[in-house]
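Below, each chain spelled out in residue letters.
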Amino acid sequence: MRRFSLLAALLLAVFPALAATDTAAIKRGEYLARAGDCIACHARPGTTSMSGGRGFETPVGMIYATNITPDKQTGIGLYSYAEFAKAVRAGIRRDGAPLYPAMPYPSYARISEADMQDLYAYFMQGIPAVRQENRKVDIPWPFSMRWPLHLWIRAFAPKPQAYVADPGQDARWNRGAYLVQGLAHCGACHTPRGIAYQEKALTEKDGRDFLAGASVDGWFANSLRNDGIAGVTPLRKDGSSSGRSWTQDDFIVFLKTGRNNHSAAFGAMVDVVEHSMQYLRTDDVEAIAYYLSTFNGGRAASPATVTAPVASATAAKTQTSTADLAAGLYRSAGAVSYMEHCAACHRKDGEGVERIFPALTSSQSVLNRSADALIRIVLQGGRMPVTQHDQIALAMPALATLSDQEIADVLSFVRSSWGNQAPQVRVSDVSRVRKTLVPAAKP
Amino acid sequence: MKQYTKMMSAMAMLFWFASSALSPASAAALLGPGDRMIPDNEQGKIIRQGQRLLSDTRRLLPQYVGAEMNCTSCHLSQGKLAFSSPFVGLSQKYPSYNPRAGRDVTLTERINGCMLRSMNGKKLAPDSAEMRAMLAYINWLSADYPAGKKVEGAGIGTINKNLKPDSVHGKLVYQRACAVCHGDEGQGLQRKGEMVFPPLWGEHSFNIGAGMARTYTAAAWVKQNMPLAAGLNAPLGQGKVLTDQEALDVAEYFTHQPRPDFPGKENDWPKGGKPADARY
């Protein structure tokens, strides 16, 4: 009896505290899982259970995201903390098999010990276990062998080591660097990859390829470097932008709501905003913007976008283009088509309408050397993210009934008007992109 | 037999809806010829001028337009969009009996009806260069539609007239689906001194003589055409997201907000037949 009451007292003393800690850890872990955007890959589109099954096309075949719910048979319910951390940071499964680098473990390697503990608490106790067998990869032999991935990991994945703060920078910068390089894994899309699919740079210290923009999944992930077009401007006391760049506030609003006064997320970035960025605390988004803003003028070796002309020439050209259209002087077939199919929303001055229709001027997406993403959005259309802030997903219609010639003409017009100076779009570019899309996009 | 035909056409409609929902891009987006077909000659210049006057009306004809509206605020996509009362085919339709006037009216008269009502402005002289240019554009759009050839998508479609409008619910629909562009107070949106989205009520909107001021007319148009940028369907991502009831409720709400009077309203429907939703 005495023994029992002692035990009860002990339990009472320990348990409430334990429960409180767990709840807080689970809550923190949930936030971190959102920052890591785990759900974007591990849940099938339109669902919220991270029981896997979503397919990803890789150069060697289809792979499928796995069940990461705490189910003991089909999920990760049997993972110890150490096994969980090893999978997330080093890409090694509980059974010792290496993971495909579609899982961004080179980025997750930077996650701190405390955050990893919270993530573990969330994945073990914060989500319901779902029994769903993992789908086998559809990759033919010899690529289906996983052992070469060990070599890949050794060659390209960083040694798992939590982010080390740069003592030369302030706390905000370091928080931004931690998120960008780590959980938010921005580089997975925005940093160009080498021939072995490795990201060419994992931190700003690795050189100018870091976040320099890259083709991904038929879209183009813009450069996030402060390159004077759509990068984040250096911090200014009055919060203004220099010339054509977004201000930090523009960038923050973009991440939180998927749109700002200049532009809107489309393509793969829609998922990132919907599942992840909109839920980040404002101070974290500010830290991300601040960190990115400090890549002062560090352009990539092969810039993704076309250098903007000097401001005065741009202003003159902008006025000319707009005045021509307003006066009914449509000087090319592209201009005729622009007025017929685009101007109702994007307007004669190409500036669209704040937060409703994206601007085509000073737009990195318009100025990228590769026009593939532009062609794709004309053919397929797209939707802005739905967020807590904006419940209406404004859409760009699919204009696939336009011919390849007409799309090439109109995009060439857009890329050479209002001060834009990007290469012409060829008919063959449009045909090539159209072939990669679903049959519905045929003219 | 009649039943059977009805059922078949209902099935055809269903199929059409389903297929257009599944592959919105596969449907022909616009009626009439593309703008690239405008001939490169003097006549082409007049056609183009007519198109500009109809699309940029407020800016190009300020002395004739009282409202912050363009003709293409309602006749979307330069008058080429099905069910937004397209211009395509109108040349053969007029002269046509107009119950509101109680007689046959010409296309010129019909355009001037819009100038007085929807545009809350003044008539253009029938033989003015502006009127002739507008007619030239509409004639060019209508060239492939000889008398008797049906325009698929003529007019604005229909709405169930047995439904009863609910203005209180309409206000909620407005705030949810319309206010982002037309503004909380129906004021529309101006950018750099130019109208982007027209005001739906107030002194700069269409007057009570306009068709759009009538609940069921507005509801049918709204159902087909609003909101824009709502879906991936070409050309504007327009319409087909509100139910008949929602379209009717929101139409009741915005049509009955304060708006300019229409001088001369007492002359309308001289031979009777005034519709139930007429405003006077």
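Just so we're clear, the structure is a prediction, and the values are computed from it rather than from any experiment. Each residue is numbered by its place in its chain's sequence as written, counting from 1. Chains and ligands are labelled by the order in which they are written, letters from A for the one and numbers from 1 for the other. Predicted model: local features are reported for residues with pLDDT of at least 70 only, side-chain atom pairs are reported and counted for 80 or more only, and whole-chain, interface and lining totals are derived from all residues.

Draft legend 1. Examining the overall build of chain A more closely. Only DSSP runs of H or I with at least four residues qualify as helices, and only runs of E with at least two residues qualify as strands; both kinds are numbered from the N terminus onward. Counting secondary structure elements, chain A contains 18 helices and six strands. Partly exposed residues are those falling between the two cut-offs: more than 12 but fewer than 20 other C-beta atoms within 10 Å of their own, whereas 20 or more means buried and 12 or fewer means exposed, with C-beta atoms placed from the backbone. Taking all 443 residues of chain A together, the buried fraction comes to 46%. The long-range fraction of contacts in chain A, counting pairs at least 24 apart against all pairs at least 6 apart in sequence, stands at 63%. For every residue pair, C-beta atoms are placed from the backbone, and the pair is scored as a contact if these atoms sit within 7 Å.

Draft legend 2. Representation of the overall build of chain B within the structure. Regarding its fold elements, chain B presents 10 helices and four strands. Along chain B, from the amino end to the carboxyl end, the secondary structure elements read α-α-α-α-α-β-β-α-α-α-β-β-α-α. C-alpha atoms define the radius of gyration, and 2.2 Å times the number of residues to the power 0.38 defines the globule rule. For 280 residues, the compact-globule estimate of 2.2 N^0.38 gives 19 Å, and chain B sits close to it at 19 Å. Expressed along its principal axes, the backbone C-alpha trace of chain B runs to roughly 50 × 45 × 40 Å. Buried positions account for 46% of the 280 residues belonging to chain B.

Draft legend 3. Up close: the interface of chain A and chain B. In this assembly, 21 residues from chain A lie in contact with 26 residues from chain B. Among the secondary structure elements, those contributing two or more residues to the side of chain A that touches chain B are α13 (333-341), α14 (343-346) and β6 (395-396) of chain A. Per-class residue counts for the side of chain A that touches chain B are 16 nonpolar, four polar and one charged. Residues are grouped as follows: Ala, Val, Leu, Ile, Met, Phe, Trp, Tyr, Cys and Pro are nonpolar; Asp, Glu, Lys and Arg are charged; all remaining types, including Gly, are polar.

Draft legend 4. Examining the domain arrangement of chain B more closely. Residue and element names in this part refer to chain B. Looking at chain B, the domain boundaries give domain 1 (42-155) and domain 2 (167-267). Here the C-alpha centre of domain 2 lies 20 Å away from the C-alpha centre of domain 1. Facing the 16 residues of domain 1 at the interface are 20 residues of domain 2. Mapped onto the side of domain 1 that touches domain 2, the elements with two or more residues apiece are α3 (57-60) and α4 (76-79). Counted by class, the side of domain 1 that touches domain 2 contains seven nonpolar, five polar and four charged residues. Here the bounds of each domain stem from an automatic or database domain assignment.

Draft legend 5. Main features of the nonpolar core. Counting 168 residues, the largest nonpolar core has Ile288(A), Ile375(A), Leu411(A), Met134(B), Ala219(B), Val222(B) and Val250(B) as the members making the most contacts within it. Take this core: its biggest share by element is eight residues, from helix α7 (residues 129-141) of chain B. Among residues more than four places away in sequence, those in contact with Ile375(A) are Ile407(A), Leu411(A), Val425(A), Asp429(A), Val430(A) and Val433(A). Each nonpolar core comprises buried Ala, Val, Leu, Ile, Met, Phe, Trp, Tyr and Cys residues, the members being joined through C-beta atoms within 7 Å.

Draft legend 6. Molecular detail of the packing of helix α2 (residues 42-55) of chain B against α7(B). Residue and element names in this part refer to chain B. Packing of α2 against α7 leaves a shortest axis separation of 7 Å and a crossing angle of 100°. When the interaxial angle is binned, α2 and α7 end up roughly perpendicular. Note on element contacts: α7 touches α2 through Glu130, Ala133, Met134, Leu135, Ala136, Tyr137 and Trp140, opposite Ile46, Ile47, Gln49, Gly50, Gln51, Leu53 and Leu54. Here the contact of α2 with α7 is composed, by residue class, of 10 nonpolar, three polar and one charged. To get an axis, a line is fitted to the C-alpha atoms, and for a helix only the part in contact is used. The angle between two axes follows their N-to-C directions and goes from 0 to 180 degrees. For classification purposes, an angle smaller than 35 degrees is called roughly parallel, one larger than 145 roughly antiparallel, one from 65 to 115 roughly perpendicular, and anything else oblique.

Draft legend 7. Expanded view of the pairing of strand β2 (residues 61-64) of chain A. All names here are of chain A. Note: strand β1 (residues 55-58) against β2, four bridges, orientation antiparallel. Looking across to β2, one finds that Phe56 is bridged to Ile63. Strands pair, by our definition, only if DSSP identifies at least two bridges between them. Connecting β1 to the next strand, β2, in antiparallel fashion are two residues.

Draft legend 8. Focus on the pairing of strand β4 (residues 194-197) of chain B. Here three bridges tie strand β3 (residues 189-191) of chain B to β4(B), and the two strands are oriented antiparallel to one another. Bridging from a neighbouring strand, Gln190(B) pairs with Met195(B) of β4(B).

Draft legend 9. Expanded view of the confidence of the model for chain A. Think of pLDDT as the predictor's per-residue confidence, scored from 0 to 100. Residues of chain A with pLDDT of at least 70 account for 84%, and the chain-wide mean is 86. Predicted confidence is poor over residues 235-242 of chain A, with pLDDT under 50, and the contacts of this stretch with residues over four places away or in other chains come to 10 contacts.

Draft legend 10. Molecular detail of the environment of Tyr137(B). Residue and element names in this part refer to chain B. For Tyr137, the position within the fold is in helix α7. Along the backbone, Tyr137 and Gly188 are 51 residues apart, and their C-alpha atoms lie at a distance of 28 Å. Each residue touching Tyr137, except ones within four places of it in the same chain, is listed here: Ile47, Gly50, Gln51 and Leu54.

Draft legend 11. Inspection of the domain arrangement of chain A at higher detail. Per the domain assignment, the segments of chain A are domain 1 (21-156), domain 2 (171-293) and domain 3 (311-441). Put simply, the middle of domain 1 of chain A and the middle of domain 3 of chain A, counted by C-alpha atoms, are 38 Å apart.

Draft legend 12. Spatial organisation of unusual backbone geometry. Residue and element names in this part refer to chain B. Residue Met226 is joined to Pro227 through a cis peptide bond whose omega torsion reads -10°. Examined against the element boundaries, Pro227 turns out to sit in the loop between α9 (215-225) and α10 (244-255). Cis geometry is found at the peptide bond from Ala234 to Pro235, where omega equals 0°. Looking at the secondary structure, you find Pro235 in the loop between α9 and α10. You will see that Ser85, though not glycine, has its phi angle at about 50°, which is positive. Counting through the fold element by element, Ser85 comes out in the loop between α4 and α5 (90-93).

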